[in-house]
Amino acid sequence: MISKENIIKRFVSYATIDTQSNPNSDTTPSTKKQWDLANKLVEELKTIGMHDVIIDDNAYIMATLPSNVNNDVPTIGFISHFDTSPDFTGTNVKPQIIENYDGKDIILNESENIILSPEYFDDLLQYKGQTLITTDGTTLLGADDKAGICEIVSAMEYLINHPEIKHGKVRVGFTPDEEIGRGAHKFDVNKFGTDWAYTMDGSRIGELEYENFNAASALVKIKGKIVHPGYAKGKLINSIYIATEFINSLPRLETPEHTEGYQGFFHLHNIHGDVEETILEYIIRDHDKGHFEARKEVMVKLTNELNAQYGREVIVTDIQDQYYNMKEKVEPVMHIVDIAEEAMKQIGIEPLIKAIRGGTDGSQLSYMGLPCPNIFAGGHNFHGRYEYVPVESMIKATEVICKIVELTVKRK
């Protein structure tokens with residue numbers, strides 16, 4: 001059995017280390033503090049008995065669990081990221097352990113009246129009677145994706161301590177900067193050397209995903225012209241008003257708060273400016289490649305129309321693709337999804353196969369030649385103060401890893 005006490009201790013030891021990434025940095029990792037956990041993981045992997053433990057100059061970690069069978073078995077891998085989101089502070093994380101959750105409100109921070117309530121977050125009710133790890137209401141928790149790392153390390157430790165479980169060669173990889181879209185950028189797929197892999201980076205128990213968004217970013221720069229407002233007639237051009245026209249010309253109901261399932265969106269996530277210049281930062285998301293391309297074209301066409309309306313180039317829009325839907329690369333090797341699905345069923349989990357409304361390292365890795373579906377890590381409400389993870393979900397995710405390794409031998 002996977003030790004609940006060890007899972008809690010290991011996860012908390014990771015969560016309390018600040019590893020927040022920074023999208024405005026051009027280094028890898030994007031923050032020096034990510035090295036703190038990276039170096040700890042290297043020592044821990046060596047301590048539990050992993051082989052070939054290495055960390056490169058960019059903090060990418062790889063290690064090997066050697067095969068304990070004589071026959072030829074595919075080499076598989078498990079991958080998670082150790083950075084946390086820049087969306088909310090990860091400094092001074094103080095995890096709280098809620099034993100035998102009673103299904104009622106959880107007071108995260110009494111002095112600030114911050115409450116994790118099942119009336120708002122109804123997923124909580126799935127975990128009544130279980131042990132939850134929450135924040136103290138002032139930081140994120142970091143279950144995305146330190147839960148995944150905890151599960152991978154714990155699974156490798158269990159397999160090392162139970163050699164009666166037959167397995168082929170298993171590789172593990174831990175990456176920086178996934179939260180800012182760079183987790184796979186410097187991942188050496190050839191060095192990793194696996195036939196396929198799984199990211200442990202999903203949310204609720206049972207999730208198994210091999211579809212994700214196609215993704216792009218759009219930087220919209222709007223140029224105005226400032227003159228004294230008392231003498232501005234026919235001369236002043238207010239970039240803020242043009243920005244408002246641009247924003248209001250995009251479909252208002254095609255935004256994250258109005259979409260679900262396979263519905264794509266435009267998301268304005270940052271705006272700053274003045275009369276002279278306003279900058280809009282968008283992300284564009286859609287599972288369907290055709291719709292994805294159409295969304296980008298909508299923004300280009302809108303830019304051209306407004307420039308024509310003002311008789312000059314007042315708007316410059318720069319659209320950059322970020323990642324693509326891994327479905328195209330995974331469907332030809334669907335047995336790797338089938339193995340994960342069977343692993344869940346064998347340990348009593350109902351698989352929840354669905355499309356990711358986001359992306360993982362696996363989406364980029366799949367296009368780099370490493371098919372890489374995504375498996376639940378157990379956390380909920382990522383990137384904010386209401387993040388939590390049920391310990392029992394982490395234990396089950398650890399068991400899924402072990403079972404996948406076992407089934408790969410049997411189903412080769």
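Being a predicted model, the structure only gives us computed values, none of them experimental.

Reading the values: rules and limits
- Residues numbered from 1 in each chain as written.
- Predicted model: local features only at pLDDT ≥ 70, side-chain atom pairs only at ≥ 80, totals over all residues.
- Heavy atoms only, no water.
- Helix = DSSP H or I, 4+ residues; strand = E, 2+ residues; numbered from the N terminus.
- Rg over C-alpha atoms; globule rule 2.2 N^0.38 Å.
- Buried < 20%, exposed > 50% of the residue type's maximum accessible area, 1.4 Å probe, protein only.
- Contact = heavy atoms within 4.5 Å.
- Areas by Shrake-Rupley, 256 points an atom, 1.4 Å probe, with all protein chains shown as cover.
- Pairing = 2+ DSSP bridges.
- Axes fitted to C-alpha atoms, helices over the stretch in contact; angles between N-to-C directions.
- Core = buried A, V, L, I, M, F, W, Y, C linked by side-chain atoms within 4.5 Å.
- Expected span 1.5 Å × (residues − 1).
- Phe/Tyr/Trp six-rings, centres within 6.5 Å; stacked < 30°, edge-to-face > 60°.
- Parallel < 35°, antiparallel > 145°, perpendicular 65-115°, else oblique.
- Salt bridge = Lys/Arg side-chain N within 4 Å of Asp/Glu carboxyl O.

1. Considerations on the overall build of the protein chain
Thinking step 1. Scanning the protein chain for helices and strands turns up ten helices and 17 strands.
Thinking step 2. What you see for the protein chain is a C-alpha radius of gyration of 23 Å, in line with the 22 Å of a compact globule of 412 residues.
Thinking step 3. If you line up the protein chain on its principal axes, its C-alpha atoms span 85 × 50 × 40 Å.
Thinking step 4. Residues counted as buried form 53% of the 412 residues belonging to the protein chain.
Thinking step 5. Contacts in the protein chain between residues at least 24 apart in sequence constitute 79% of all its contacts with a sequence separation of at least 6.
Thinking step 6. Total accessible area on the protein chain is roughly 18,300 Å²; 48% of this is exposed by carbon and sulfur atoms.

2. Focus: the environment of G384
Thinking step 1. You can see G384 is positioned in the loop between β16 (374–376) and β17 (388–390).
Thinking step 2. Given the relative accessible area of 15%, G384 is considered buried.
Thinking step 3. Considered as a pair, G384 and P86 are 298 residues apart in the sequence and their alpha carbons are 9.9 Å apart.
Thinking step 4. Each residue touching G384, except ones within four places of it in the same chain, is listed here: F88, T135, T139, L140 and L141.

3. Considerations on the sheet that holds strand β11 (residues 214–223)
Thinking step 1. Taken in spatial order, the four strands make up an open sheet running β12-β13-β11-β14, and their pairing is antiparallel. Every interior strand has two partners, whereas the edge strands, β12 (265–273) and β14 (315–323), have only one. Adjacent strand axes in the sheet meet at a mean angle of 15° when their direction is disregarded.
Thinking step 2. Bridging between β11 and β14 involves eight bridges; their strand directions are antiparallel. Counted as the bridge partner of I222 is I315 from β14.

4. Some remarks on the nonpolar core
Thinking step 1. Ranked by internal contacts, the top residues of the largest apolar core, which has 68 residues, are F11, L45, F78, M156, I375 and I404.
Thinking step 2. By residue number, the principal contributor to this core is helix α10 (residues 391–410), which donates ten residues.
Thinking step 3. In this structure I375 touches Y198, T199, M200, D201, G202, E207, L208, A340, M344, V400 and I404, once residues within four positions along its chain are discounted.
Thinking step 4. One finds I242, F246, L250 and Y282 within the second-largest nonpolar core, a separate group that totals 19 residues.

5. Some thoughts on helix α3 (residues 143–161)
Along an α-helix, a turn takes 3.6 residues, which lines up residues three or four apart on a common side.
Thinking step 1. Taking 1.5 Å per residue, 19 residues should reach 27 Å; α3 reaches 25 Å between its end C-alpha atoms and fits that length.
Thinking step 2. Taken across its 19 residues, α3 has 15 buried, putting it largely inside the fold.

6. Quick notes on the sheet that holds β17
Thinking step 1. The antiparallel open sheet is built from three strands, whose spatial order is β4-β7-β17. What marks the edges here is a single partner per strand, and that holds for β4 (96–98) and β17. The average undirected angle you get between the axes of adjacent strands in this sheet is 20°.
Thinking step 2. Pairing geometry for β4 and strand β7 (residues 132–134), over three bridges, is antiparallel. Along β7, the bridge assignment pairs Q96 with T134.
Thinking step 3. Sitting on the sheet, α10 is in contact with β7 and β17, with an inclination near 60° to β17.

7. Examining the packing of aromatic side chains
Thinking step 1. A complete count under the given rule lists nine aromatic pairs for this structure.
Thinking step 2. Seen from their ring centres, Y120 and F121 are 4.9 Å apart, and the 75° between their planes marks the pair as edge-to-face.
Thinking step 3. Classification of Y120 as exposed rests on a relative accessible area of 68%.
Thinking step 4. The class of F121 is buried, set by a relative accessible area of 17%.

8. Describing the pairing of β11
Thinking step 1. Here β11 runs beside strand β13 (residues 277–286); their pairing, made up of ten bridges, is antiparallel. Note that in β13 the partner of N214 across the bridge is D286.

9. As for the pairing of strand β8 (residues 170–175)
Thinking step 1. Most of β8 is tucked away, with six of its six residues classed as buried.
Thinking step 2. On β8, burial covers both faces: V170, V172 and F174 on one face and R171, G173 and T175 on the other are all buried.
Thinking step 3. One ladder, built from five bridges, connects strand β2 (residues 61–65) with β8; its direction is antiparallel. Bridge pairing links L65 to V170 in β8.
Thinking step 4. Summarising the sheet, strand β3 (residues 76–81) and β8 pair through six bridges and their orientation is parallel. Looking at β8, one finds that S80 is bridged to F174.

10. Describing the packing of helix α1 (residues 4–15) against helix α2 (residues 34–48)
Thinking step 1. Where α1 meets α2, the closest approach of the two axes is 11 Å, and the angle between their N-to-C directions is 155°. Put simply, α1 runs roughly antiparallel to α2. Listed contacts from α2 to R10, S13 and Y14 of α1 are L37, K40, L41, E44 and I48.

11. With respect to the pattern of salt bridges
Two side chains bearing opposite charge may form a pair once their charged atoms approach each other closely.
Thinking step 1. Under the criterion given, the structure shown has 19 salt bridges.
Thinking step 2. The salt bridge involving D18 is made with K33; its shortest N-O contact spans 2.9 Å. Remark: K33 occurs in the loop between α1 and α2 and D18 occurs in the loop between α1 and α2; sequence separation between them is 15 residues.
Thinking step 3. A relative accessible area of 14% means that D18 is categorised as buried.
Thinking step 4. The salt bridge involving K327 is made with E211; its shortest N-O contact spans 3.8 Å. You can see K327 sitting in helix α7 (residues 327–330) and its partner E211 sitting in the loop between β10 (207–209) and β11, a full 116 residues away along the chain.

Such coordinate-based values are descriptive only and should not be taken to indicate function.
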